[in-house]
Amino acid sequence: MSKGMKIALWIVSALLAAMFIFASGGPKLLMPGMAKPMFVKYGYAAWFATFIGACEVLGGIGLLIPRLAALAAAGLSIIMVGAIYTHVTHQETAHAITPLVLLVLLLGVGYVRFKESRA
């Protein structure tokens with residue numbers, strides 16, 4: 001892999017990590033009063049917001065560790081598929097765009113990191 005590709009991979013990984021740690025998972029853990037009612041509205045148990053928040057924070061950290069990045073990307077991809085499904089089934093298609101973009105980026109990072117680990 002070229003030096004430019006490695007830099008791009010690290011930039012995308014860092015931006016994804018920041019997104020999941022600070023913008024998505026962190027608020028679910030630090031401000032559960034905001035996230036839990038939303039999860040209940042969608043038909044999930046309130047505790048599920050805390051579980052997803054913890055998974056997102058841990059996955060975001062995992063994206064920054066090359067040996068764990070492919071696994072972290074796979075786990076976060078599963079969460080994004082669930083988010084897309086939830087928004088689409090509740091007629092909130094416009095809200096599904098962000099998790100869809102994140103899913104595409106996660107699949108790219110996961111593929112490259114998996115390929116690296118096999119080399």
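What you are looking at is a predicted structure, and each value in this text was computed from that prediction instead of being measured.

Caption draft 1: The nonpolar core, seen in detail. Counting 21 residues, the largest nonpolar core has L16, F20, L63, L76, M80 and L106 as its most contacted members. Elements that contribute at least two residues to this core include exactly helix 1 (3-30), helix 2 (32-41), helix 3 (47-63), helix 4 (66-89) and helix 5 (97-118). Here this core takes six residues from helix 4, the largest share from any one element.

Caption draft 2: Broad picture of the side chain of T86. In this structure, T86 sits in helix 4. Within polar-contact distance, the side chain of T86 engages the side chain of Y44 at 2.5 Å. With sequence-adjacent residues up to four places away left out, T86 is seen in contact with Y42 and Y44.

Caption draft 3: Fine view of the packing of aromatic side chains. A full pass over the atoms with the stated rule returns five aromatic pairs. On the numbers, 6.2 Å between centres and 55 degrees between planes, the contact of F39 with Y44 is tilted. When its relative accessible area of 29% is taken as the criterion, Y44 is described as partly exposed. Ring centres of F48 and F51 lie 6.0 Å apart, and the angle between their planes is 25 degrees; on these two criteria the pair is classed as stacked. Residue F48 and its partner F51 are both found in helix 3; the two are separated by three residues, about one turn of the helix. Among the residues examined, F51 registers a relative accessible area of 44% and is labelled partly exposed.

Caption draft 4: Summary view of the pattern of salt bridges. On inspection of all chains with the given rule, the structure shows three salt bridges. In this structure, E56 engages K28 in a salt bridge whose closest nitrogen and oxygen atoms are separated by 3.1 Å. On the criterion of sequence distance, the pair formed by E56 in helix 3 and K28 in helix 1 is long-range, its members being 28 residues apart. We note that E56, like K28, is buried.

Caption draft 5: View of helix 3. Taking 1.5 Å per residue as the helical rise, helix 3 with its 17 residues ought to reach 24 Å, and the 24 Å between its terminal C-alpha atoms agrees with that figure. For helix 3, the secondary structure elements touched by its buried residues are helix 1, helix 2, helix 4 and helix 5.

Caption draft 6: Molecular detail of the side chain of K28. Residue classification places K28 among the buried positions, given a relative accessible area of 13%. Engagement of the side chain of K28 in a polar contact is seen with the side chain of S24, the distance being 3.1 Å. Discounting residues that sit within four places of it in the chain, K28 has contacts with A35, F39, A49, I52, G53 and E56.

Definitions and limits used
Residues numbered from 1 in each chain as written. Predicted model: local features only at pLDDT ≥ 70, side-chain atom pairs only at ≥ 80, totals over all residues. Heavy atoms only, no water. Core = buried A, V, L, I, M, F, W, Y, C linked by side-chain atoms within 4.5 Å. Buried < 20%, exposed > 50% of the residue type's maximum accessible area, 1.4 Å probe, protein only. Helix = DSSP H or I, 4+ residues; strand = E, 2+ residues; numbered from the N terminus. Polar contact = N/O pair within 3.5 Å; in protein donor to acceptor, adjacent residues only side chain to side chain. Contact = heavy atoms within 4.5 Å. Phe/Tyr/Trp six-rings, centres within 6.5 Å; stacked < 30°, edge-to-face > 60°. Salt bridge = Lys/Arg side-chain N within 4 Å of Asp/Glu carboxyl O. Expected span 1.5 Å × (residues − 1).

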